[in-house]
Amino acid sequence: MLLIKTRKLLIEHLSTCKTSESLGLVPTMGALHIGHGALVNRAVRENDVVVVSIFVNPTQFNNPNDLEKYPQTLKSDMAILRKISKNIIVFAPSVREMYSSDVKAINYDFGGLEHVMEGAFRSGHFDGVGTIVESLLTLVKPDNAYFGEKDFQQLQVIKKLTEIRQIPVKIIGCPIVREPNGLAFSSRNERLSKTIRNEAAFIYKTLKSAKIKFGTESAKNIKDWVTNQFSQHPDLELEYIEITKTKTLKSIVRKQKNKKYRAFIAVYAEGVRLIDNIALN
Ligand code: PAF
């Protein structure tokens, strides 16, 4: 497996690949878990050459504490990737390498996708994500790029990014991978105590009930019900429950036939922010 730390070496290496070979990119911030494994496995199955980037992107953290606590585990990440395929190219640049001396995000207009939910609670987050993903896509020039549906809003933002910047890449969203109790895999789960990690299974359990209720009840009733469920659970502090159209992420007004909807939740548990979502129809 090849570990590359500079843009120059990555470009040089990729220029030796045959033009007939398909190239897949899996952007990550490291601290790899089974959810990332699913993305990388799929990329390996569907492409001749795969680049996995590992870069903790400072401009997408609105909370400096969160950035500071973000685990940096390159050695164990490499071991996980090596088990998937020895042919993976790992790109692990420094902040200076990606941003030079100007560690700033570009200000994007993602047509409103960036202002709701995560965007509303994490100011500037999607500018940071857009900046680094655009930079990686233009550097690697992959045919396919893989992102998890746990960050469903991020996935929609990145699809929009490639549209507005006309980047010729197929953005592939991959299903959420869950721990045995239903909690969505996240690097943040490691920061939870064993008890709360078990209790956090309540998030997915509530989303599944919301999905059943969606068949017969109004979105307002469901949101009220979810809010009430969490109010009885003092260890899990609900930040938001939203029900939106899948594509635009606009809040549902009235259910329309032939439209797809999704429910989104953000919760604090032991000071750790957890997000999850589910397709409702
Ligand atoms: O989902 C992530 O891990 C990050 O937001 C991404 C897409 C790698 C950009 O830093």
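Quick summary incoming for the structure in this document. (Residues numbered from 1 in each chain as written. Predicted model: local features only at pLDDT ≥ 70, side-chain atom pairs only at ≥ 80, totals over all residues. Heavy atoms only, no water.)

## Here we look at the site of the ligand
In the vicinity of the ligand, the contacting residues are Pro27, Thr28, Met29, Asn57, Gln60, Ile132, Phe147 and Gln154. Within the side chain of glutamine 60, an N or O atom sits 2.6 Å from an oxygen atom of the ligand. When the free accessible area of the ligand is taken as 290 Å², the share hidden by the protein chains comes to 88%. Residues belonging to the shell around the ligand are distributed by class as follows: four nonpolar, four polar and no charged. (Near = heavy atom within 4 Å. Polar contact = N/O pair within 3.5 Å; in protein donor to acceptor, adjacent residues only side chain to side chain. Areas by Shrake-Rupley, 256 points an atom, 1.4 Å probe, with all protein chains shown as cover. Nonpolar A, V, L, I, M, F, W, Y, C, P; charged D, E, K, R; others polar.)

## A look at the sheet that holds strand β9 (residues 272–279)
Read across the sheet, three strands follow the order β7-β8-β9 without closing on themselves; strand pairing throughout is antiparallel. The strands lining the two open edges of the sheet, one partner per strand, are β7 (236–245) and β9. Direction aside, neighbouring strands of the sheet carry axes that sit 15° apart on average. Across eight bridges, strand β8 (residues 261–269) lies against β9 in antiparallel orientation. When the sheet's bridge partners are listed, tyrosine 268 is paired in β9 with arginine 273. Of the strands in this sheet, β7, β8 and β9 touch helix α10 (residues 201–214), which is tilted by about 30° from β9. (Pairing = 2+ DSSP bridges. Helix = DSSP H or I, 4+ residues; strand = E, 2+ residues; numbered from the N terminus. Axes fitted to C-alpha atoms, helices over the stretch in contact; angles between N-to-C directions. Contact = heavy atoms within 4.5 Å.)

## Considering helix α2 (residues 34–46)
Compared with an ideal rise of 1.5 Å per residue, which puts 13 residues at 18 Å, α2 spans 18 Å between its outermost C-alpha atoms and is within 8% of the ideal. Those residues of α2 that fall on the buried side of the exposure criterion are Gly35, His36, Gly37, Leu39, Val40 and Ala43. Close packing links the buried residues of α2 with β2 (23–28), β3 (49–54), α4 (74–84), β5 (144–148) and β6 (170–174). (Expected span 1.5 Å × (residues − 1). Buried < 20%, exposed > 50% of the residue type's maximum accessible area, 1.4 Å probe, protein only.)

## Notes on the pairing of β9
Looking along a regular strand, one sees side chains alternate from face to face of the sheet. Taking burial as the measure, the eight residues of β9 include seven buried ones, the bulk of the element. The hairpin turn running from β8 into β9, its antiparallel successor, is two residues long, and glutamate 270 in that turn takes a positive phi close to 50°.

## Some points on the nonpolar core
Core analysis: the largest hydrophobic core is formed by 39 residues, its most contacted members being Leu10, Val51, Phe91 and Val133. Contacts of phenylalanine 91, omitting those with residues within four sequence positions, involve Ile4, Lys5, Thr6, Arg7, Leu10, Val51, Val52, Ser53, Ile54, Met98, Leu136 and Leu139. Leu183, Leu207, Ile241 and Tyr261 belong to the second-largest nonpolar core, a separate cluster that totals 27 residues. (Core = buried A, V, L, I, M, F, W, Y, C linked by side-chain atoms within 4.5 Å.)

## So, the pairing of β3
Buried residues dominate β3, accounting for six of its six residues. In β3, alternate side chains face the same way, and those of Val49, Val51 and Ser53 on one face and Val50, Val52 and Ile54 on the other are all buried. Between the parallel elements β2 and β3, the chain passes through α2 in a crossover that is right-handed. Pairing of β3 with strand β4 (residues 89–91), which is carried by three bridges, proceeds in the parallel orientation. Within the sheet, the bridge partner assigned to serine 53 lies in β4 and is phenylalanine 91. (Right-handed = clockwise from strand over helix to strand, strands pointing away.)

## A few points about the pattern of salt bridges
Taken as a whole, this structure holds 18 salt bridges when the rule is applied. Here lysine 160 and glutamate 163 are joined by a salt bridge, their closest N and O atoms 3.6 Å apart. Here glutamate 163 and lysine 160 lie together in helix α8 (residues 152–164), a separation of three residues that amounts to about one turn. The residue aspartate 276 makes a salt bridge to arginine 178 at a minimum N-O spacing of 2.8 Å. With aspartate 276 in strand β9 and arginine 178 in the loop between β6 and α9 (194–199), this residue pair connects regions lying 98 residues apart in the sequence. Each of Glu118, Arg122, Glu239 and Arg273 takes part in a single network of salt bridges with overlapping partners. (Salt bridge = Lys/Arg side-chain N within 4 Å of Asp/Glu carboxyl O.)

## Observations regarding the sheet that holds strand β1 (residues 2–4)
Neighbouring strands of a sheet are bound in pairs by backbone hydrogen bonds; such pairs are parallel or else antiparallel. Read across the open sheet, the six strands follow the order β1-β4-β3-β2-β5-β6; overall the sheet is parallel. Among the strands making up the open sheet, the edge pair consists of β1 and β6. Pairwise comparison of adjacent strand axes, ignoring direction, gives a mean angle of 25° for this sheet. Across the sheet, α4 is in contact with β1, β3 and β4; its angle to β3 comes to roughly 160°. Helix α7 (residues 125–140) rests against β2, β3, β4 and β5 of the sheet, and its axis sits at about 155° to β2.

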